[in-house]
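Commentary on secondary and tertiary structure
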Amino acid sequence: MSEMIVETPDEVVAFLKAQHDLIEDMFDEVLHASDPRAREKPFIELRQLLAVHETAEEMVVHPRLRRETDDGDAIVDALLQEEHDAKTLLSSIEDLDVTSQEFIDELSKLRDAVLAHAEHEELEEFPRLQQEVDTDDLKRMAAAVKAAEAIAPTRPHAGVESAKLNFAVGPFASMLDRARDLIKQAIG
């Protein structure tokens, strides 16, 4: 059998857009699981991707837009509010029974919010970055995003939406999250 090789985009905007598409697919997988008990594993994977994705954007992408554009502060502030709201909702969903209708209802609200947020980034933030930042820097930013994701917390932490807070609190939160994930996995 031949191996399928999937190449990761090496430019930050293409990389993040690919993750947005993956996040949308993962929401669909959780929401349309044929067996309600089968939602748990894909939900955990979705929660982890959302957490590391947003952390990396907060550490690398948003600060760069603030520096590069005159209206970057307004764009980023609006995005950070959306991210805070999504993290708060995601945290509350974590406590729900994945087989319940309440879980589906709340996850559907989160999906709508996250996809609207991704659209805002793709329409407002990403084009500005591509306009203001050269291709080599966009590639370096992709590498920085990937590095940030590798060490990011795996659970949402509402209130930690700035680069400074992510650098200060992120490593400790990541360590605790990853330990909590391993313990949960070990005990079932």
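This one's a predicted model, so the numbers in the text were calculated from it and none came from an experiment.

**Considerations on the environment of R128**
Take R128: it is sitting in helix α4 (residues 101-132). In the structure, R128 is positioned 60 residues away from E68 in sequence and 8.6 Å away in space, judged by C-alpha atoms. Not counting residues up to four positions away in its chain, the partners in contact with R128 are L65, T69, D71 and I75.

**Brief notes about the packing of helix α2 (residues 40-68) against α4**
To describe two helices that pack against each other, one gives the angle between their axes and the distance between the axes. α4 packs onto α2 with a crossing angle of 30° between their chain directions and a minimal axis gap of 12 Å. In terms of axis orientation, α2 runs roughly parallel to α4. With respect to the hand of their crossing, α2 and α4 are arranged in left-handed fashion. Between α2, through F43, L50, H53, E54, E57, V61, H62, R64, L65 and E68, and α4, the contact on the second element is made entirely by F103, L107, L110, V114, H117, E121, E125, F126, R128, L129 and E132. The class makeup of the residues in the contact of α2 with α4 is ten nonpolar, three polar and eight charged.

**Topic: the confidence of the model for the protein chain**
Scored by pLDDT, the protein chain has a mean of 85; 79% of the residues are at 70 or more. Averaged over each element, pLDDT in the protein chain is lowest for helix α6 (residues 163-187) (54) and highest for α4 (97). Contacts for the low-pLDDT stretch residues 1-6, under 50 throughout, to residues beyond four places or in other chains number zero contacts.

**With respect to the packing of helix α1 (residues 12-31) against α2**
At a closest axis distance of 10 Å, the pairing of α1 and α2 adopts a crossing angle of 155°. Judged by the inter-axis angle, α1 sits roughly antiparallel to α2. Handedness of the α1/α2 crossing: left-handed. Taking contact as the criterion, the partners of V12, L16, Q19, H20, L22, I23, M26, F27, E29 and V30 in α1 are, on α2, P42, F43, E45, L46, L49, L50, H53, E57 and V61. Per-class residue counts for the contact of α1 with α2 are 13 nonpolar, three polar and three charged.

**Concerning the pattern of salt bridges**
Pairing is possible between side chains of opposite charge, provided their charged atoms come close. A complete count under the given rule lists 14 salt bridges for this structure. As a salt-bridge pair, R111 and E24 come within 3.6 Å of each other at their nearest N and O atoms. Pair noted here: R111 is in helix α4 and E24 is in helix α1, with a separation of 87 residues, a long-range link. Residue R111 is classed as buried on the basis of its relative accessible area of 17%. Between E106 and K109 there is a salt bridge, with the nearest N and O atoms lying 2.9 Å from each other. Here the residue E106 and the residue K109 both occupy positions in helix α4, the gap between them amounting to three residues, near one helical turn. Salt bridges here are not isolated pairs; linked through shared partners, they connect R64, E68, D137 and R140.

**Thoughts on the side chain of H62**
Its place among the elements puts H62 in helix α2. Discounting residues that sit within four places of it in the chain, H62 has contacts with E57, V76, L79, L80, E83, E121 and E125.

Each value, and the rule that gives it
- Residues numbered from 1 in each chain as written.
- Predicted model: local features only at pLDDT ≥ 70, side-chain atom pairs only at ≥ 80, totals over all residues.
- Heavy atoms only, no water.
- Helix = DSSP H or I, 4+ residues; strand = E, 2+ residues; numbered from the N terminus.
- Contact = heavy atoms within 4.5 Å.
- Axes fitted to C-alpha atoms, helices over the stretch in contact; angles between N-to-C directions.
- Parallel < 35°, antiparallel > 145°, perpendicular 65-115°, else oblique.
- Left-handed = near helix turned anticlockwise from the far one by under 90°.
- Nonpolar A, V, L, I, M, F, W, Y, C, P; charged D, E, K, R; others polar.
- pLDDT = per-residue confidence, 0-100.
- Salt bridge = Lys/Arg side-chain N within 4 Å of Asp/Glu carboxyl O.
- Buried < 20%, exposed > 50% of the residue type's maximum accessible area, 1.4 Å probe, protein only.

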